[in-house]
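Residue-level structure breakdown
One letter stands for each residue in the lines below.
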Amino acid sequence: MTQATPASLLTVFGATGDLARRMLLPSLYGLQAENLLPDGMQILGTARSELDRESFAQLVADSIAAFIPATQRNDRALHGLLERLDYQPASADDDASMAALAATVDRLRHGDVLYHMSTAPKFYGPACHALAAHGVAGPGTRVMLEKPIGKDLASAIAINDSVAQSFDEERVYRVDHYLGKEGVQNLIALRFGNALFEPLWNARHIEQVQITVGETVGVEGRGDYYDDSGALRDMLQNHLLQLLCLVAMEPPARFDPTAVRNEKIKVLRSLRAIDRSNVATESVIGQYTAGASDGVAVPGYADELGRASRTETFVALRAHVDNWRWSGVPFYLRTGKRLPSRSTEIYIQFRKVPYSIFGGPAATDMQPNGLLIKLQPEERIELDLMSKTPGLDRNGLRLSQVALDLDFHQEFANARKRIAYERLYLDALEGNGTLFVRRDETEAAWQWVDAIAGGWREAGMVPKPYPAGTWGPSATVSLVDRLGHAWRE
Ligand code: BG6
């Protein structure tokens, strides 16, 4: 293994696209503003558009103006970023343009190179081959790949195989932007930076786990992509399963790429199959109809799309991690578009006290302890405990549930809210793959998800309607209710 050194050149494919303008360029600005980009590192944008350096610089400046709050902008940082920029039009299916790109890469690099593929995934393999054919994909280069890596296991393998012809796995950085979120890393810090939780973190003490990623948005003009994908492939295969892995994995020996990813893959491989035989009881799918989102009337999915569709915009699953630690503990996963609130959270409900010493009214007051790890929109950790309700009561004491609440935006009031890509860029530029997804993880996740999608098809399951602004079809309640649980709302 050759030791990575900080990249001397970052080449962004799809540099004029939506993701680049909203997230990637603003993240590079954030790193520049804090002097975190490697000294002398150049940024080369590439896309089909025939822009020159000046018009690309203008696009970058416009993106910063649009997506970075005015209070965080300053001319010095913007100037510093613009000075690093260059642009070279290219298209993976046009070899002459790729040769010209490779020549520019060669001219600008003076050390390691990081490529970032933010294009349609079908171009990943061809672009990597062209870079290799033109001699700029050898040692000291690495490549970041955006999701989705395929739409099922077979297409994921095809993309991974194709990229692997030019970049060995150690040099491939698959993005799941949830891993770049501060709150997600905080989950790792919470689990492995405190002695308190580990003894309780197992089936003996945990009754159920819920992972919710709720969005209020609809499909926002991405109908064509989304309709081909749906909530299972767009969100659950990657973001929710990564969160599940971080909650369920064994303590890694070190916080490094191999140790962390070795533990995550074991979780993915321990997931109990959901397929034709049990898909009807273990999953619920829905599609939003007209309703209200944030108090505004919104059309249904089919109207937004302009045609009828069987794509699910909501999915809820009851998953099981079949190993010693988690045997019998349901992991409820749910995600969807047009839900009542934008909220990403992990809720861990502990088991009830083994025996209640309290008789009288307190016996019915008793609630199990819960740990809420809220990742979005606010970052908050809440520990629900039982406490005595203040007062004198002749019938015996009363209990109330109280929350020990740690709000990170208050606790670390001076910390700026970062874009997930700032962390991911910083790590990939320096050659640290801990927060990126390894090939075996992506493929294991696809394998599990494929069985679910196949099960729906074979069982003839179609999404149930739910009005925009509600928590999915009513069957979602029965999914948890069957084991005596309730969603945390
Ligand atoms: C993307 C999905 O991966 O994540 C989108 O393709 C989704 O459909 C987005 O809206 C959600 O990300 P975040 O960071 O806003 O929670």
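Residues numbered from 1 in each chain as written. Predicted model: local features only at pLDDT ≥ 70, side-chain atom pairs only at ≥ 80, totals over all residues. Heavy atoms only, no water.

Some remarks on empty space enclosed by the protein
Inclusion rule: Residues are said to line a cavity or pocket when one of their atoms sits within 4 Å of a point; the points come from a 1 Å grid over protein atoms alone, cavities being sets where a 1.4 Å probe fits but cannot get out and pockets being open sets with protein on both sides within 12 Å along at least five of seven lines. Grid points are joined across faces, edges and corners, and a volume is the space filled by probe spheres set on the points. Each helix is a run of DSSP H or I of at least 4 residues and each strand a run of E of at least 2, with the numbering of both proceeding from the N terminus. Each residue gets one of three labels, nonpolar for Ala, Val, Leu, Ile, Met, Phe, Trp, Tyr, Cys and Pro, charged for Asp, Glu, Lys and Arg, and polar for the others, Gly among them.
In the structure shown here, the tally under the stated rule is two cavities of 30 Å³ or more. Here the largest cavity defines a volume of roughly 160 Å³. As for the largest cavity, its lining consists of 16 residues, and the residues nearest its centre are D176, Q237, N238, V437 and T442. Contributing elements (two or more residues each) for the lining of the largest cavity: α8 (223-248) and α15 (439-459). When its volume is computed, the second largest cavity comes out at roughly 40 Å³. Around the second largest cavity, the lining residues are G183, N186, L187, I373, K374, L375, E379, R380, I381 and F408. Every element with two or more residues in the lining of the second largest cavity is listed here: α7 (182-192), β14 (370-376) and β15 (380-388). The residue inventory of the lining of the second largest cavity, partitioned by class, reads five nonpolar, two polar and three charged.

Quick word on the pattern of salt bridges
Definition in use: Within this document, salt bridges are pairs made up of a side-chain nitrogen of Lys or Arg and a carboxyl oxygen of Asp or Glu, the two lying within 4 Å of each other.
Taken as a whole, this structure holds 35 salt bridges when the rule is applied. Between R325 and E250 there is a salt bridge, and its shortest N-O distance comes to 2.8 Å. A residue pair is termed long-range when its members are at least 10 positions apart, and R325 in the loop between β11 (314-320) and β12 (330-336) and E250 in the loop between α8 and α9 (257-270) qualify at 75 residues. Across the pair D322 and R272 runs a salt bridge, and its minimum N-O distance is 2.9 Å.

Considering the nonpolar core
Applied cut-off: Nine residue types can take part in a nonpolar core, namely buried Ala, Val, Leu, Ile, Met, Phe, Trp, Tyr and Cys, and a core is a set of them joined through side-chain atoms within 4.5 Å. Only protein chains enter the calculation, and the probe is 1.4 Å; a residue is then buried if its accessible area is under 20% of its type maximum, exposed if over 50%, and partly exposed in between. Contacts: residue pairs with any heavy atoms within 4.5 Å of one another.
Y115, M117, L236, F331, I346 and W448 are the most contacted members of the largest nonpolar core, which totals 140 residues. At 13 residues, α8 tops the list of elements feeding residues into this core. When neighbours within four sequence positions are excluded, Y115 is seen to be in contact with T11, F13, V105, L131, V136, T141, R142, V143, M144 and F167.

Some remarks on the domain arrangement of the protein chain
The criterion, for reference: Domain start and end points were adopted from an automatic or database domain assignment. Joining two parts hides part of their accessible area as seen by a 1.4 Å probe, and the buried area is that hidden amount summed over both.
By the assigned domains, the protein chain splits into domain 1 (7-175) and domain 2 (179-481). Placing a centre on the C-alpha atoms of domain 1 and another on those of domain 2 gives a separation of 31 Å. Of the roughly 2,900 Å² buried between domain 1 and domain 2, counting both surfaces, carbon and sulfur atoms make up 62%. Across the domain 1-domain 2 interface, the total number found is four salt bridges. A salt bridge links R418 to E34; the shortest N-O distance between them is 2.9 Å. Those elements that provide at least two residues to the side of domain 1 that touches domain 2 are β1 (9-13), α1 (18-33), β4 (113-117), β5 (141-145), α6 (153-164) and β6 (172-174). Per-element tally for the side of domain 1 that touches domain 2: the top contributor is α1, with eight residues. By residue class, the composition of the side of domain 1 that touches domain 2 is 23 nonpolar, six polar and nine charged.

With respect to the site of the ligand
To be explicit about the condition: Only a single heavy atom is needed: when it lies within 4 Å of a molecule or strand, its residue is near that molecule or strand. A 3.5 Å cut-off defines polar contacts: any pair of N or O atoms within that distance qualifies, except that in protein one atom must be a possible hydrogen donor and the other a possible acceptor, and neighbouring residues in sequence count only when both atoms are side-chain atoms. Reported accessibility uses the Shrake-Rupley method at a 1.4 Å probe radius. Residues are deemed covered only where the shown protein chains occlude them.
As a matter of local geometry, the ligand sits amid K147, H177, Y178, K181, E215, R222, D234, M235, H239, K337, R342 and Q376. Within the side chain of H177, an N or O atom sits 2.8 Å from an oxygen atom of the ligand. Burial of the ligand by the protein amounts to 81% of the accessible area it has alone, namely 390 Å². Ranked by the residues each element gives to the shell around the ligand, the list is headed by α8, at three residues.

Comments concerning the packing of helix α2 (residues 53-67) against helix α3 (residues 75-83)
To be explicit about the condition: Fitting a line to C-alpha atoms yields each axis, with helices limited to the stretch in contact; the angle taken between N-to-C directions then spans 0 to 180 degrees. Each crossing is labelled by how the near helix is turned from the far one, with a counterclockwise turn of less than a right angle marking it left-handed and a clockwise turn marking it right-handed.
For the pair α2 and α3, interaxial distance at closest approach is 10 Å and the crossing angle is 145 degrees. Judged by the twist between their axes, the crossing of α2 over α3 is right-handed. Across from R53, A57, V60, A61 and I64 in α2, the residues of α3 making contact are L78, L81 and L82. When grouped by side-chain class, the residues that make up the contact of α2 with α3 number seven nonpolar, no polar and one charged.

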